[in-house]
Amino acid sequence: MADVARQGRKAFAFNGHESGTRHPLVAAAMVLPLAAVLVFVFGGWDQLVAQASSVGAMLGR
């Protein structure tokens, strides 16, 4: 019985609300600033451009 109560608290702590769904634009708005900071800090812009051009070439564009 204690395990069930502990799992319930854990699920609520990570979720924060009961619906469990998030709009994709909200998720993108949360993740894109962090991604931009990481690209800037680690100098990954060149790698990002190279990867995007590789994907574009693979798709035939």
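Residues numbered from 1 in each chain as written. Predicted model: local features only at pLDDT ≥ 70, side-chain atom pairs only at ≥ 80, totals over all residues. Heavy atoms only, no water.

In this section: the overall build of the protein chain. Helix and strand content of the protein chain: three helices and zero strands. Beginning at the N terminus, the succession of helices and strands in the protein chain can be written as α-α-α. Burial statistics for the protein chain: of 61 residues in total, 2% are counted as buried. For the protein chain, the exposed area adds up to about 5700 Å²; of that, 69% sits on carbon and sulfur atoms. (Helix = DSSP H or I, 4+ residues; strand = E, 2+ residues; numbered from the N terminus. Buried < 20%, exposed > 50% of the residue type's maximum accessible area, 1.4 Å probe, protein only. Areas by Shrake-Rupley, 256 points an atom, 1.4 Å probe, with all protein chains shown as cover.)

Time to look at a nonpolar patch on the surface. A cluster of nonpolar side chains, Leu34, Val37, Leu38, Phe40, Val41 and Phe42, forms an exposed patch at the surface whose accessible area comes to about 690 Å². With respect to the helices, strands and loops of the structure, Val37 is situated in helix α2 (residues 24–42). (Patch = residues over 30% accessible without salt bridge, like charges linked within 9 Å, V, L, I, M, F, W, Y side chains within 5 Å. Salt bridge = Lys/Arg side-chain N within 4 Å of Asp/Glu carboxyl O.)

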